[in-house]
Amino acid sequence: MHVNTTNAAAAGDAQHGYDAPDLRVFVFALFFIFGGITSLNDIIIPKLKELFTLDHATAMLVQTAFFLAYALFSLPAAAIVRRFGYMRTASIGLVTMTAGCLLFIPASANAAFGMFLFALFVLGAGITIVQVVANPLISLLGKPQTASSRLTFAQAFNSLGTTLFPLAGSALILGGLANVSAATLTGAALDAYRAESSRTIVHTYLGLAVALLVIAAVVWTRRNRLQEEQDHEGSILRAFTLLARPRFAVGVLCIFLYVGAEVSIGSLIVNYLMQPSVMGLADKAAGDHVPFYWGGALLGRFVGAWVLTKVSPGKVLATVAVGAIVLIAISANTAGFVSGWSLLAIGLMNAIMFPTIFSLASEGLGKRAAEGSGVIATAIVGGAVVPYMTGALADATHSLQLALVLPAACYAVIAGYGVFARKSAVAVG
């Protein structure tokens, strides 16, 4: 069974790639959007931490709620792709993201932390659907031999979003923090303060909701552009049989660890830089530094897209993972300017990790690429688990520096995978 298309379908097939430059532009836009919205969590965490007087672990529930959606919706999203095709599924994901943005309205009106978490969960569900579409689709839109480089280039647009959105978010959300502290208020006064202060979050996400609806409509007009070939045999749970391939299974684990490490560091940046022993910045000034972390990934992905055409992806992956460990060690054992900027520089090391792990794990999957993408996207739930564990470690040790040991351990496993997967994979039979 195949997804039917019109005569305007892009030339090509799943084995040799589709020649559809206009669709590549749309996919780049999808990467930009879901990357940017994801990075806004780094700005919302310190905002909600102040409003609801939370400890580090509880504040990290923002990431838990958001990334939990990957565990629950990745395989259903892959099933939707099998049934409706890539472009229709992308529209569904964008509409779901819109619903998540709109849920910030009742969350603010009720000044309830739990409702903010639910809104983020729905938003994460929509992003999960879009990401399950975007990763294999960009691999198909060109020659298979250059899939890793193309995916890295697409991830550069993801990084462009993660660089620009926190910059705007810091001004709109953290810039709106009142001089009064929630810790000094109680009862009705506290509820009123939380509702008023959280309206800046609502206005930000309402603007995003409008933009998402427009993009969903445009993507829908392109729903028949591809002559897709999907493997429709058996249950979607059959996707887990791909874990019998060691290269794929370890790659899935590394996606879990990578997202967990990247999100943990991004989530700690504001509070980390506010420490007197580091840079002693105010909340907004610290928030203004978050784009440097994601901007490093932006720069690294443009450079990495070229490097990956010259050097084995596995070798590049191992090198940058070791580089991340070195930067964590420097940051945790120094103070002031050096400590702060070595932490921010980890973004540069992160640059090629996700697309390279994804392409190494997916290599040789052929028609089962959508299934593989669903399983890999499920592993993004690492962003729900590792940051919470990192926050709990910070609370237990009373040290954000010691908490960085957990992300460092994640990068160590990724370095090993780079060495393990440096040779070409055998195609699925």
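Residues numbered from 1 in each chain as written. Predicted model: local features only at pLDDT ≥ 70, side-chain atom pairs only at ≥ 80, totals over all residues. Heavy atoms only, no water.

To continue, consider the overall build of the protein chain. Counting secondary structure elements, the protein chain contains 21 helices and two strands. Here the protein chain, with 429 residues, has 58% of them falling under the buried criterion. For the protein chain, restricting intrachain contacts to residue pairs at least 6 apart in sequence, the fraction spanning at least 24 positions comes to 85%. Split by element, the accessible area of the protein chain, about 15,800 Å² in all, is 68% carbon and sulfur. (Helix = DSSP H or I, 4+ residues; strand = E, 2+ residues; numbered from the N terminus. Buried < 20%, exposed > 50% of the residue type's maximum accessible area, 1.4 Å probe, protein only. Contact = heavy atoms within 4.5 Å. Areas by Shrake-Rupley, 256 points an atom, 1.4 Å probe, with all protein chains shown as cover.)

Let's shift gears to helix α4 (residues 61–84). Its 24 residues place the ends of α4 33 Å apart at the C-alpha level, agreeing with the 34 Å of an ideal helix rising 1.5 Å per residue. In the structure, α4 departs most strongly from a straight axis at Phe73, where the bend amounts to approximately 50 degrees and where the proline Pro76 lies between one and four residues downstream. Gly85, located one to two residues past α4, shows a positive phi value of around 95 degrees. (Expected span 1.5 Å × (residues − 1). Bend = angle between axes of the 7 residues up to and from the residue.)

Before going further, it helps to examine the packing of helix α11 (residues 246–274) against helix α15 (residues 336–344). The contact between α11 and α15 brings their axes to 10 Å, and the two run at 160 degrees. Taken as axis vectors, α11 and α15 run roughly antiparallel relative to one another. Seen from above, α11 lies across α15 with left-handed handedness. Counted together, Ile265, Ile269, Tyr272 and Leu273 of α11 and Ser339, Gly340, Leu343 and Leu344 of α15 form the full contact between these two elements. (Axes fitted to C-alpha atoms, helices over the stretch in contact; angles between N-to-C directions. Parallel < 35°, antiparallel > 145°, perpendicular 65-115°, else oblique. Left-handed = near helix turned anticlockwise from the far one by under 90°.)

For the rest of this paragraph, the subject is the environment of Arg199. Summarising the element assignment, Arg199 is placed in helix α10 (residues 199–220). Arg199 gets classed as partly exposed once you look at its relative accessible area, which sits at 41%. Separated by 95 residues in the primary sequence, Arg199 and Phe104 have C-alpha atoms spaced 8.9 Å apart.

So, on to the side chain of Lys49. Secondary-structure assignment places Lys49 in helix α2 (residues 41–51). Lacking a salt bridge, the buried Lys49 has Asp395 as its closest oppositely charged neighbour, with an N-O distance of 7.1 Å. Ignoring anything within four residues of it in the chain, the contact list for Lys49 reads Leu54, Asp55, His56, Ala59 and Asn271. (Lys, Arg positive; Asp, Glu negative; His and termini not counted. Salt bridge = Lys/Arg side-chain N within 4 Å of Asp/Glu carboxyl O.)

Glancing now at unusual backbone geometry. Its identity as a non-glycine residue notwithstanding, Thr53 has a phi of 45 degrees, on the positive side. Locating Thr53 in the fold gives a position in the loop between α2 and α3 (56–59).

Tracing the sequence through the fold places Leu402 in helix α20 (residues 400–403). Residue class for Leu402 comes out partly exposed when judged on its relative accessible area of 47%. Spatially, the C-alpha atom of Leu402 lies 10.0 Å from that of Ala329, the residues being 73 residues apart in sequence. Contacts of Leu402, omitting those with residues within four sequence positions, involve Leu393 and Thr397.

A few words on the packing of α2 against α4. Close contact between α2 and α4 brings their axes to 9 Å; oriented N to C, the two are set at 140 degrees. One element, α2, and the other, α4, form an angle in the oblique class. On α4, the residues touching Asn41, Asp42, Ile45 and Leu48 of α2 are Val62, Gln63 and Phe66. Looking at side-chain class alone, the contact of α2 with α4 contains four nonpolar, two polar and one charged residues. (Nonpolar A, V, L, I, M, F, W, Y, C, P; charged D, E, K, R; others polar.)

Here Tyr205 lies in helix α10. Residue classification places Tyr205 among the buried residues on the basis of a relative accessible area of 0%. Excluding residues that lie within four positions of it along the chain, Tyr205 makes contacts with Ile37, Leu40, Asn41, Ile44, Cys101, Phe104 and Leu123.

Applying the stated rule across the entire model yields two salt bridges. Here Glu363 ties to Arg247 by a salt bridge, and the two come within 3.1 Å at their closest N and O atoms. Here the residue Glu363 occupies a position in the loop between α17 (353–362) and α18 (369–378), and Arg247 occupies one in helix α11, the gap between them amounting to 116 residues. Overall, Glu363 belongs to the partly exposed group, its relative accessible area being 28%. Classification of Arg247 by relative accessible area gives buried; the value is 12%. Across the salt bridge formed by Asp288 and Lys284, the nearest N and O atoms sit 3.1 Å from each other.

This part is about helix α19 (residues 382–397). Between its first and last C-alpha atoms α19 spans 22 Å; for 16 residues at 1.5 Å apiece the expected length is 22 Å, and the two agree. Within α19, burial applies to Gly382, Gly383, Ala384, Val386, Pro387, Thr390, Gly391 and Ala394. Buried-residue contacts for α19 involve α3, α4, α11, α20 and α21 (405–420). Residue His398 follows α19 closely and has a positive phi angle near 55 degrees.

For the protein chain, mean pLDDT is 83; residues scoring 70 or higher make up 87% of the total. The spread of mean pLDDT over the elements of the protein chain runs between strand β1 (residues 11–13), the lowest at 49, and α21, the highest at 96. Long-range and interchain partners of residues 1–11, a stretch whose pLDDT sits below 50, account for 29 contacts in this model, where long-range means more than four residues apart. (pLDDT = per-residue confidence, 0-100.)

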